Amino acid sequence: DSDEDAWQTLKDYVKAGSMRKFTYYKDLAKFLGVDPVISELIVITKTRGGKTKKRIILNLKASGISAASHNTERVLLPTSSDVAWDLTELLDRLKEGEDITIAVLDFKDAFFQIPVLDCERPFLVTCMRGEYFLFERAAQGSRGAPLLWARTAALINRLSSSLASPHILRTSFYVDDPIIAVAGSFEVRRRALVRVVATWLALGFKLAFEHAAFAQMHDIITWTSAVFKVTPDEVHVSVKQAIVDDVHQEVRHILRSQVVYADRLRSLLGKIVCIASLVPTWRPFLSMTWAPLHADRSHKEPGLIWAKTLRTPLLWMNAFLSRTRGTVQRSISLGDYRQDGSKVLVTLDASPGGLGGFMTEDDVHTAYFADPLSDEDVRRFKFKRGDSRGQQTWEALSLLVALRMWAGRWRGKRITLTVKSDSVSALTILLKFKTDGEMPGLIAREIALDVAECIYRPSVVAHIPGKTNVIADALSRMVERPGQEVPLQLRGATRWSPPPRDDSYYRSLLPPDL
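Criteria and thresholds
Residues numbered from 1 in each chain as written. Predicted model: local features only at pLDDT ≥ 70, side-chain atom pairs only at ≥ 80, totals over all residues. Heavy atoms only, no water. Helix = DSSP H or I, 4+ residues; strand = E, 2+ residues; numbered from the N terminus. Pairing = 2+ DSSP bridges. Axes fitted to C-alpha atoms, helices over the stretch in contact; angles between N-to-C directions. Contact = heavy atoms within 4.5 Å. Parallel < 35°, antiparallel > 145°, perpendicular 65-115°, else oblique. Left-handed = near helix turned anticlockwise from the far one by under 90°. Nonpolar A, V, L, I, M, F, W, Y, C, P; charged D, E, K, R; others polar. 1 Å grid on protein atoms, 1.4 Å probe; cavity = no way out; pocket = protein on both sides within 12 Å on 5 of 7 lines; lining within 4 Å. Points joined across faces, edges and corners; volume = space filled by probe spheres on them. Salt bridge = Lys/Arg side-chain N within 4 Å of Asp/Glu carboxyl O. Buried < 20%, exposed > 50% of the residue type's maximum accessible area, 1.4 Å probe, protein only.

## Brief notes about unusual backbone geometry
In this structure, H218 is a non-glycine residue whose phi angle is positive, near 80°. Note that H218 resides in the loop between strand 10 (213-215) and strand 11 (220-223). A positive phi angle, close to 60°, is found at F433, a residue other than glycine. Residue position: F433 is located in the loop between helix 13 (424-432) and helix 14 (438-452).

## Remarks on the sheet that holds strand 5 (residues 99-104)
Strands sit in the order 8-9-5-10 across an open sheet of four strands; the sheet is antiparallel. The sheet is open, and its two edges are formed by strand 8 (169-174) and strand 10, each paired on a single side. The sheet shows a mean angle of 15° between the axes of neighbouring strands, direction not considered. In terms of strand pairing, strand 5 meets strand 9 (residues 177-184) through six bridges, oriented antiparallel. Looking at the pairing, I102 lines up with A181 of strand 9. Together, strand 5, strand 8 and strand 9 form the strand contacts of helix 3 (residues 80-92), whose direction differs from that of strand 8 by roughly 175°.

## Topic: the sheet that holds strand 16 (residues 304-306)
Strand pairs in the sheet, formed through backbone hydrogen bonds, run parallel or antiparallel to each other. In spatial order, the strands read 14-16-15; together these three strands make up an open sheet with antiparallel pairing. Of all the strands in the sheet, just strand 14 (259-261) and strand 15 (299-301) have a single pairing partner and so form its edges. The sheet shows a mean angle of 35° between the axes of neighbouring strands, taken without regard to direction. Pairing analysis gives two bridges linking strand 15 to strand 16, with the strands arranged antiparallel. Paired with E301 across the two strands is L304, which belongs to strand 16. Against the sheet, helix 7 (residues 262-278) touches strand 14 and strand 16, its axis set at about 75° to strand 14.

## A few points about the packing of helix 7 against helix 8 (residues 283-290)
Viewed as axis vectors pointing N to C, helix 7 and helix 8 meet at an angle of 165°, and their least axial separation amounts to 10 Å. By the criterion of interaxial angle, the relationship of helix 7 to helix 8 is roughly antiparallel. For the pair helix 7 and helix 8, the crossing hand works out as left-handed. Contacts between helix 7 and helix 8 pair L265, L269, I272, V273, A276 and S277 from the former with R283, L286, T289 and W290 from the latter. For the contact of helix 7 with helix 8, the residue count by class is seven nonpolar, two polar and one charged.

## Describing the layout of surface pockets
Size it by volume and the second largest pocket reaches roughly 680 Å³. Residue lining of the second largest pocket: 24 residues in total, with S287, M288, A291, E438 and R445 positioned closest to the centre. Elements that contribute at least two residues to the lining of the second largest pocket include exactly helix 8, helix 9 (311-321) and helix 14. Ranked by the residues each element gives to the lining of the second largest pocket, the list is headed by helix 14, at six residues.

## Regarding the pattern of salt bridges
Evaluation of the coordinates by the stated rule reveals 31 salt bridges. In this structure, D118 and R121 form a salt bridge, with 3.7 Å as the shortest nitrogen-oxygen distance. Under the relative-accessibility criterion, D118 is labelled exposed at 58%. Judged by relative accessible area, R121 falls into the buried class, the value being 17%. Put simply, D450 and R404 hold a salt bridge, and the shortest N to O gap is 3.0 Å. Placement of the pair is D450 in helix 14 and R404 in helix 12 (residues 391-410), with a sequence separation of 46 residues. One exposure class covers both D450 and R404, and it is buried. Here the residues in one salt-bridge network are R404, E446, D450, E453 and R507, joined through shared partners.

Set out below in structure tokens:
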């Protein structure tokens, strides 16, 4: 009740027609026809750029309303990588004398632009300084408000996207923060941008023009947690420096501590998600960091986690953030997008007894390998030779072995690297660095480190049916069939022998120290 800014905000909402004010409870109950549920307000204060902004949240969790409601849908939000690919596609079609304009223009009071049903009103009431306030619009804090706005924003975005050719216009909405990219001559870009903004205004939405940002080629622009820069040859995107600095400081603090509060760790992981959405090579290390939250043995006591259980992934994150290993940024070059350079194809397979694969360079088979599972493999991954339950692990291991072994063949050259396998789970590791289980997770971290340090970076991953993966399958089973000859197609290729896969082979097990 003592917060003057919150009180003024409520009065402004009443004046704008987003709320109704009642002096007496009986008048409110009479208006609604039922007794309302009164919820408290939470005031969130944020200071940015020397300016303080306060936002009021209706605490429906404390009043029990959130527990009595549920959503049947999930909102899918665009990532900074989605926008980067949009910009790359626009850049690819630019002609001489044309440019790209990027605009970030937020919606004002997005949730308050969505009216609520009469039957929902009794559950959207608060009281301050003895007076009652009834929300006429979707309240921040209600479980359905984000979904209501997301549905509305999706409709707006579809309409916006139809206002010009996709070769000219791309739009993405992150909740109430849209980003617009237009390409072409000055006249074409101005007309497309004006069409979009005028349409939003005509639909009755309020826009925060005072916070709008614009950028041309070579300029830097920030959208949500990402910073974009477009040049004639590439699209560069990085995580906002403030987030990187916060994460780095917090990571180093935890590494020097013995314990960390679970709430503090969750807050850190929320920021790390912003980085991992842009730089997917962080994902397997992020997965390791989530695990102690749900393991009783990692807790000193409820809500308090032993910092040593987080040490390995946090040390790698510290190395990434210190720029000593990996990166917190991403660039997409036009050459890679257009798949310029030599064509390299690596086709792989695994059997319960071995690994196999071959490399094709500009349509010529040049190299192959056929490697039996070693005693080290069996010990580390805990599957016996011949045990089909280890198949997914061996399929993933074949990718790591082949790409790491042959990376020197194309280092420093412009190539288009395509990887084929009949294992969807192995290709998912290579494409998204996501997997389930401890042992495949180790392989995902190894591949992520290789890609982060540009040892190799596949341009295309492709699934092929197992029945057609004949050559790689034969190579993986050569250990089971002594005396079997190399497939005829590979008679002119060179046989390679992978290095031993002992402890030193798995770099992620030995993170650089502070």
